[in-house]
Amino acid sequence: MSHIESQKSVESLAQQWASKYVNNLQVNTSSQESGEHLTLSEIVSPSRREKTAQGILLSLRAISAKAWNKTELLLSEEVKLHGIDPKIINPWDIAADSFRIYQKALDVYTQKASSRPLSLLMKLDKQESPLYNQGLEVYTDLVAPEKLAIFIGADIGAIRHKYTSIDPRLIGFVSMQFHYTSEMLIENLEPVEKILISRYFNVIDDHLYMPLQRAYNAAAKHDYNSPVMSAIHTLLPNSTQIAHNIRQRIIELFPNYHSMSGLLSDPIVKASSIRDVEMFQIYLWVCALEGSISAIQEELFPLCVMLYPTLKVQWELVRQMLYLLRYEIFDRLTPEQSNTLMPYFEALSQMFSSAVLG
């Protein structure tokens, strides 16, 4: 074969390979755009969960960078306003920590457990979940989202400690980075998968915002039947219901209120409102367990002052939440139990008063 013919063969093969590669890209793109129209049973199957998890992990690096850009844009003015040293904010460190947590979360999502109805496993709400009617009919071996806390609770506690020990305000950057990453990771999923996986990612969000590990560590230093532990044992099973009650009352009091994320009645704002009310409760417990208001002074208050104005959450809304929280909590406690929390609740209320935050 002549050199010219050989060259033609190579060019022909190269052209064929290039054409095949481009065709494959077009096939993949069109199949993604058209959607696979999977049934709910197929979506919760082990093979589909594995495929989805792999896809999310592949996109994590790029999305993490986008999420950081959004976080930095949101909080850049706060860095100057609060006098935070930019050198202590390390996006690469935060990205590495987030990758580890999301990998663990997706490992749990792909794990197998005993088969149960999806509606029971995900605790689907008849009024709020479009999955409810379908979920009644579907059995799955998904691990329940709340079980994720067992696998990541200590890791997230360590992440919180790592950043708050440098500067408590850094947890604001870490929390927003995770929050935006979660939002972007599920953006292009099938609607049903978006609902399912968001339940797991919400567990990450909750543990980042709430000092749960700190509360556990402080509780370990108390007798099980001490007055403060008795108060927390009473409140803990009711904390989410308390948050729901307060959220609903706030919606009634401020029907037209609009934060940066939307109306108080919008699903995404509802979820964050419930999380915030629970966060305040847990900080209150930490203070009572530690016998000090340092958790509120050094962490919760600076975090709120940094994030709430940026997110267009008005202080009057926070004060109304605290007013309602007082009655929700103390209606459930004996006078002895109340006395263990009251000094810290008073300090919390004073810090967010109109005298401090006009």
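For the structure, check the block above.
Bear in mind that the values here come from a model prediction, so they are computed numbers and not experimental data. (Residues numbered from 1 in each chain as written. Predicted model: local features only at pLDDT ≥ 70, side-chain atom pairs only at ≥ 80, totals over all residues. Heavy atoms only, no water.)

Enquirer: Quick question: what am I supposed to make of the side chain of Asp167 here?
Expert: Within the element layout of this structure, Asp167 appears in the loop between helix H7 (148-164) and helix H8 (170-186). Accessibility expressed as a relative area gives 10% for Asp167, which makes it buried. At 2.8 Å, the side chain of Asp167 and the side chain of Arg169 are in polar contact. In this structure Asp167 touches Ile84 and Ile88, once residues within four positions along its chain are discounted. (Helix = DSSP H or I, 4+ residues; strand = E, 2+ residues; numbered from the N terminus. Buried < 20%, exposed > 50% of the residue type's maximum accessible area, 1.4 Å probe, protein only. Polar contact = N/O pair within 3.5 Å; in protein donor to acceptor, adjacent residues only side chain to side chain. Contact = heavy atoms within 4.5 Å.)

Enquirer: Got a minute to help me understand helix H11 (residues 227-235) in this structure?
Expert: One turn of an α-helix holds 3.6 residues; hence residues three or four places apart share an orientation. Within H11 the residues assigned to the buried category are Val228, Met229, Ala231, Ile232 and Leu235. One side of H11 carries all its buried residues, which in axial view fall inside an arc of 155°. In the core, the buried residues of H11 are packed alongside helix H10 (212-219), helix H12 (239-253), helix H13 (267-290), helix H15 (315-330) and helix H16 (335-351). (Arc of directions from axis to C-beta.)

Enquirer: Can you walk me through the packing of H11 against H16 in this structure?
Expert: Packed helices, taken two at a time, are described by the angle their axes make and the gap between the axes. At their nearest, the axes of H11 and H16 sit 8 Å apart, and the two run at 100° to each other. One element, H11, and the other, H16, form an angle in the roughly perpendicular class. Residues Pro227, Val228, Ser230, Ala231, Thr234 and Leu235 of H11 pack against Glu336, Gln337, Thr340 and Leu341 of H16. Of the residues assigned to the contact of H11 with H16, the class counts are five nonpolar, four polar and one charged. (Axes fitted to C-alpha atoms, helices over the stretch in contact; angles between N-to-C directions. Parallel < 35°, antiparallel > 145°, perpendicular 65-115°, else oblique. Nonpolar A, V, L, I, M, F, W, Y, C, P; charged D, E, K, R; others polar.)

Enquirer: What exactly am I supposed to notice about the packing of helix H4 (residues 91-110) against H7 here?
Expert: Two elements in contact, H4 and H7, have axes whose closest approach is 10 Å; the angle formed by their N-to-C orientations is 170°. Looking at the two axes, H4 sits roughly antiparallel to H7. Contacts between H4 and H7 involve Asp93, Ile94, Asp97, Arg100, Ile101, Lys104, Ala105 and Val108 from the first element and Leu148, Phe151, Ile152, Asp155, Ile156, Ile159, Lys162 and Tyr163 from the second. Its residues assigned to classes, the contact of H4 with H7 comprises 10 nonpolar, no polar and six charged.

Function cannot be inferred from these measures alone, as they are strictly geometric.
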